[in-house]
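# Secondary and tertiary structure notes
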Amino acid sequence: MGIKSNNEPLISILVLSYNHEEYIIESISSILKQNYCNYELLIRDDASTDKTPLLLSNFLSNYENIKNNKIIVEYGKDNIGVMRGLNYLLKRSSGEIIILCGPDDVCLPGRISRAVELHTQYPNYGLVAMNAKVIDKNGELIRDSFYPKKSKYNLSFFKDLTYKQIIGIGLGGFGMSFKKDLLKVINYQFPDSLLFEDGYLAFLAAIQNGIILDYNPLILYRRTSNSLSGLNLQLNPEKTVKNEIKFCKLFLSFEEAKLQFYLENKIQTKNRGKALHLLMQRILCLQIKIKVTENKPIFKLWIKLLWHLFFVPKTKESIKILLFSLNNSWLTKLMVLDYRRRAKNFG
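Procedures and definitions
Residues numbered from 1 in each chain as written. Predicted model: local features only at pLDDT ≥ 70, side-chain atom pairs only at ≥ 80, totals over all residues. Heavy atoms only, no water. Helix = DSSP H or I, 4+ residues; strand = E, 2+ residues; numbered from the N terminus. Buried < 20%, exposed > 50% of the residue type's maximum accessible area, 1.4 Å probe, protein only. Areas by Shrake-Rupley, 256 points an atom, 1.4 Å probe, with all protein chains shown as cover. Contact = heavy atoms within 4.5 Å. Core = buried A, V, L, I, M, F, W, Y, C linked by side-chain atoms within 4.5 Å. Disulfide = S-S within 2.5 Å. Patch = residues over 30% accessible without salt bridge, like charges linked within 9 Å, V, L, I, M, F, W, Y side chains within 5 Å. Salt bridge = Lys/Arg side-chain N within 4 Å of Asp/Glu carboxyl O.

Next up on the list: the overall build of the chain. Helix and strand content of the chain: 12 helices and 10 strands. When each of the 347 residues of the chain is scored for burial, the buried share is 49%. In the structure as shown, the chain presents an accessible area of about 18,400 Å², 53% of it carried by carbon and sulfur atoms.

With that out of the way, let us pick up the environment of leucine 309. Relative to the helices and strands, leucine 309 is located in helix 10 (residues 299–310). For leucine 309, a relative accessible area of 3% puts it in the buried group.

Moving on to the side chain of histidine 20. When you line up the elements, histidine 20 lands in the loop between strand 1 (11–17) and helix 1 (24–32). Given the relative accessible area of 19%, histidine 20 is considered buried. In this structure, histidine 20 is in contact with Asp50, Thr52, Pro103 and Asp104, ignoring residues within four places of it in sequence.

Turning our attention to the nonpolar core. A general feature of soluble globular proteins is that nonpolar side chains tend to end up buried together. By size, the foremost hydrophobic cluster in this structure holds 77 residues, and its most contacted members are Ile28, Leu41, Leu127, Leu171 and Phe190. Residues in contact with leucine 171, not counting those within four places in the same chain, are Leu127, Ala129, Tyr147, Met176, Asp198, Ala202, Ile211 and Leu213. Grouped together as the second largest cluster of nonpolar side chains are 6 residues, Leu284, Leu301, Leu305 and Leu309 included.

Here we take up the state of the cysteines. In the structure shown here, the tally under the stated rule is 0 disulfides. Summary of cysteine pairing: cysteine 107 is not part of a disulfide, and the nearest cysteine sulfur, belonging to cysteine 101, is at 3.8 Å. The class for cysteine 107 is buried, based on a relative accessible area of 8%.

Turning our attention to a nonpolar patch on the surface. Taken together, the side chains of Phe299, Trp302, Ile303 and Leu306 present a nonpolar region at the surface, about 410 Å² in accessible area. With respect to the helices and strands, leucine 306 occurs in helix 10.

Here it is as structure tokens:
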């Protein structure tokens with residue numbers, strides 16, 4: 001632990017856990033070993049059915065800070081999910097900067113102080129995303145950087161973006177820290193309809209005061225399930241389709257929440273009309289993908305999508321975004337693979 005300075009801003013570190021008995025102690029321990037002192041650690045266990053609550057209670061009982069409310073732990077009796085759990089912790093938080101930490105990730109030395117340094121050095125930016133080394137469930141290194149470096153510098157800045165650029169920003173929630181005031185426009189509470197917070201957080205920051213991406217990997221980001229590789233695609237089509245549905249529904253919740261935000265707040269961004277149109281187009285594309293996987297009719301959705309493609313300005317750009325969406329869909333890859341197999345058998 002470092003020495004507390006009166007000039008240090010108060011940081012609220014939020015951790016949500018559900019059945020993370022294998023990793024939770026390593027994760028919390030890595031937070032408590034940080035050299036930044038002016039923080040409060042808020043943990044909520046979402047009614048775990050494993051030993052997570054017991055392990056947490058035994059581990060934290062040795063820390064004096066918990067008696068001074070520096071560490072606050074809530075052992076939920078009901079499983080309320082990610083967003084309601086996050087909103088619960090936000091209500092109880094007092095810090096001007098919020099740092100999100102995964103219950104299965106590890107903070108490397110300097111992770112907290114580096115985030116505070118960037119928020120202090122660039123006060124006009126609302127969100128800092130930090131790079132990570134990617135590890136598997138056993139802690140073995142998968143790759144030494146989550147983000148491909150696109151700059152010769154260690155920092156990238158995203159500000160005053162068009163909507164086309166905003167939808168292309170993919171940031172991991174594992175490394176996010178943000179000014180609490182970033183959430184003022186949504187009354188400091190995320191929409192319950194969201195499945196996860198990261199895409200919506202990046203959206204709020206991008207349209208308000210910008211994002212900083214730090215390429216220094218000061219986190220171990222744990223991937224506990226297999227990614228959708230080409231091998232999985234060939235060997236397990238059913239799993240591929242299930243994963244596609246899961247991710248489509250995740251992104252659909254982001255896009256619908258963004259659209260609702262635009263409509264309710266009447267926010268003025270560059271090319272507001274185009275932004276609304278492209279948002280609707282993305283929503284329709286995702287709805288079509290989900291309906292296809294569920295073998296449900298999609299005719300009406302296609303009519304709506306065609307109208308958005310051809311009867312609004314910037315048709316060329318709309319088609320480009322549609323093709324990008326299809327090209328990055330595992331369903332599309334699966335259909336191409338199936339076509340090649342049938343063509344080969346026919347030949």
